[in-house]
Amino acid sequence: MWVDVLRSEGLLSPNEAPSMSQITIGMHRLISRAPSRLLCLSLVDGVGDLNTQNQPGTDTEYPNWRQPLTDTDGESVLIEDLPDRDLLRALVRSLSR
């Protein structure tokens, strides 16, 4: 459904199957159209992390605050590496429009 919304808004190509990164960027571009003064970007989105981070209300069921930030391959991403992440840079640009 969201892919259809992004296509109808001109944020995804109508003729090709989008990658996860294209969908993520399209969703952030859609968010940037909201009349909000404050827009947020999650670091997990910016590096393609597929793990759930910081689930409220859990401590022993899920290792909430101990999840390292990882990329789509499950490799750790250090804070020092963030400025060089292409997806993160694309998302920041998408919210800056």
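Quick caveat: nothing in here was measured; it's all calculated off a predicted structure. (Residues numbered from 1 in each chain as written. Predicted model: local features only at pLDDT ≥ 70, side-chain atom pairs only at ≥ 80, totals over all residues. Heavy atoms only, no water.)

**Some thoughts on helix 4 (residues 86-95)**
Heads up, the condition is: The buried label applies to any residue whose accessible area, calculated with a 1.4 Å probe on protein chains only, is under 20% of its type's maximum; exposed applies above 50%, and partly exposed to all values in between. The helix count covers DSSP runs of H or I at least four residues long, the strand count covers runs of E at least two residues long, and both are numbered beginning at the N terminus. The arc under discussion is defined with respect to the helix axis, by the directions toward the C-beta atoms. In what follows, residue pairs with any heavy atoms lying within 4.5 Å of each other are defined as contacts.
For helix 4, every residue scored as buried is listed here: L87, L88, A90, L91, S94 and L95. Summarising the axial view, the buried residues of helix 4 lie within an arc of 160 degrees, below the 170-degree limit, and thus occupy one face. Buried residues in helix 4 make contact with helix 2 (20-32) and helix 3 (43-47).

**Let's talk about the confidence of the model for the protein chain**
Just so we agree on the cut-off: Confidence of the predictor in every single residue is expressed as pLDDT, which spans 0 to 100.
When pLDDT is averaged across the protein chain, the result is 88; 91% of the residues are at 70 or more. Per-residue pLDDT, averaged within each element of the protein chain, yields its smallest value for helix 3 (91) and its largest for helix 1 (residues 2-8) (96).

**Looking at a negative patch on the surface**
Operational definition: Residues form patches when they are more than 30% accessible in relative terms and have no salt bridge. Like charges link within 9 Å. Nonpolar side chains (Val, Leu, Ile, Met, Phe, Trp, Tyr) link within 5 Å. Only the protein chains shown count as covering a residue, and every accessible area follows the Shrake-Rupley method with a 1.4 Å probe. What counts as a salt bridge is simple: a side-chain nitrogen of Lys or Arg found within 4 Å of a carboxyl oxygen of Asp or Glu. Only four residue types enter the charge count: Lys and Arg as positive, Asp and Glu as negative, with His and the chain ends excluded. Just so you know, the charge point we use is NZ for Lys, CZ for Arg, CG for Asp and CD for Glu.
A cluster of like negative charges, contributed by E80, D81, D84 and D86, occupies part of the molecular surface. One can find D86 in helix 4. Among the residues examined, D86 registers a relative accessible area of 63% and is labelled exposed.

**Examining the nonpolar core**
Quick reminder of the rule: Only buried residues count toward a nonpolar core, which is a set of Ala, Val, Leu, Ile, Met, Phe, Trp, Tyr and Cys residues joined through side-chain atoms within 4.5 Å.
Counting 6 residues, the largest nonpolar core is built from V44, V47, L69, V77, L82 and L88. Once you skip the residues sitting within four places of it in the chain, V44 turns out to touch D49, Q53 and L69.

**Section: the side chain of H28**
Mapped onto the secondary structure, H28 falls in helix 2. By relative accessible area, H28 is classed as buried at 5%. Excluding residues that lie within four positions of it along the chain, H28 makes contacts with L41, D45, L91, S94 and L95.

**Some thoughts on the packing of helix 2 against helix 4**
Applied cut-off: Here an axis means a line fitted to C-alpha atoms, over the contact stretch when the element is a helix, while the angle between two N-to-C directions is reported on a 0 to 180 degree scale. These descriptions rest on fixed angle ranges, namely under 35 degrees for roughly parallel, over 145 for roughly antiparallel, 65 to 115 for roughly perpendicular, and the rest for oblique. By convention, the crossing between two helices is left-handed when the near helix turns anticlockwise from the far helix through less than a right angle, and right-handed when the turn is clockwise. Under the convention adopted here, Pro, Cys and the residues Ala, Val, Leu, Ile, Met, Phe, Trp and Tyr are nonpolar, Asp, Glu, Lys and Arg are charged, and Gly plus all remaining residues are polar.
One can describe the packing of helix 2 onto helix 4 by two numbers: an axis separation of 8 Å at closest approach and a directional angle of 25 degrees. Considering the angle they form, helix 2 stands roughly parallel to helix 4. Once helix 2 is placed against helix 4, the crossing between them reads as right-handed. Counting all contacts with helix 2, which are made through S21, T24, I25, H28, R29, I31 and S32, the residues of helix 4 involved are L87, A90, L91, S94 and L95. Per-class residue counts for the contact of helix 2 with helix 4 are 6 nonpolar, 5 polar and 1 charged.

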